[in-house]
Amino acid sequence: MKILTGGIGKTETAGAVTALALDGVEVTVSSDMDAALKLRAGQADYYLGTCHTGAGASLGVLVGLLGGDACHTFGRSVPTDDEIAALLADGKKVFGFSVDRIDAVTPALARAMAARRP
């Protein structure tokens, strides 16, 4: 499974995923445009984007190219495991959140994504 990270905290987000040492999970720092193209082509599975508010810039290009149905932003909130599971079950592949929530949101998302691997 391949997770791409983007936005102002892309390196920190990638580091947070890597630190989990999840089997079969590869993480790559990306730009939002490159991520959108790779997701569309099936060359990546998920995208984690960060900005100061988690509400707009973290996902703007991806919403525009992939459509709102594939995307979800948490803003500055920290989702529960049940919320994450429901979003993944609904087909969401692109997630945005505030850069100051990387340590709280990234591990929960990455673990839930890894658990869904076939």
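Residues numbered from 1 in each chain as written. Predicted model: local features only at pLDDT ≥ 70, side-chain atom pairs only at ≥ 80, totals over all residues. Heavy atoms only, no water.

The chain is annotated in an unreviewed UniProt entry as DUF2620 family protein from Streptomyces katsurahamanus.

Novice: So what's going on with the overall build of the chain? Residues and values would help.
Specialist: Regarding its fold elements, the chain presents 5 helices and 5 strands. Listing the helices and strands of the chain from first to last along the sequence gives β-α-β-α-β-α-β-α-β-α. When each of the 118 residues of the chain is scored for burial, the buried share is 42%. Long-range pairs, those at least 24 residues apart, make up 66% of the contacts in the chain with a sequence separation of at least 6. (Helix = DSSP H or I, 4+ residues; strand = E, 2+ residues; numbered from the N terminus. Buried < 20%, exposed > 50% of the residue type's maximum accessible area, 1.4 Å probe, protein only. Contact = heavy atoms within 4.5 Å.)

Novice: Just give me the short version of helix α5 (residues 102-115), but keep the residues and values in it.
Specialist: Across its 14 residues, α5 extends 20 Å between first and last C-alpha, which sits within 8% of the 20 Å expected from 1.5 Å per residue. In terms of residue burial, α5 counts as a mostly covered element, since 10 of its 14 residues are buried. Of the positions making up α5, those classed as buried are I102, V105, T106, P107, A108, L109, A110, A112, M113 and A114. Structurally, α5 contributes buried residues whose contacts are with β1 (2-7), α1 (10-19), β3 (46-51), α4 (81-89) and β5 (94-98). (Expected span 1.5 Å × (residues − 1).)

Novice: Give a description of the environment of T73 that names residues and reports values.
Specialist: Along the polypeptide, T73 turns up in strand β4 (residues 71-73). Looking at T73, the relative accessible area reads 32%, which means it is partly exposed. Polar side-chain contacts of T73 include one of 3.2 Å to the backbone nitrogen of G75. Separated by 3.4 Å, the side chain of T73 and the backbone oxygen of G96 make a polar contact. (Polar contact = N/O pair within 3.5 Å; in protein donor to acceptor, adjacent residues only side chain to side chain.)

Novice: Just give me the short version of the sheet that holds β5, but keep the residues and values in it.
Specialist: In spatial order, the strands read β2-β1-β3-β5-β4; together these 5 strands make up an open sheet with parallel pairing. The two strands at the open ends of the sheet, each matched to only one other strand, are β2 (26-29) and β4. Strand-to-strand twist of the sheet, defined as the mean angle between neighbouring strand axes without regard to direction, takes the value 20 degrees. Here 3 bridges tie β4 to β5, and the two strands are oriented parallel to one another. Paired with T73 across the two strands is G96, which belongs to β5. Contacting β1, β3 and β5, α5 crosses the sheet at an angle of about 160 degrees to β5. (Pairing = 2+ DSSP bridges. Axes fitted to C-alpha atoms, helices over the stretch in contact; angles between N-to-C directions.)

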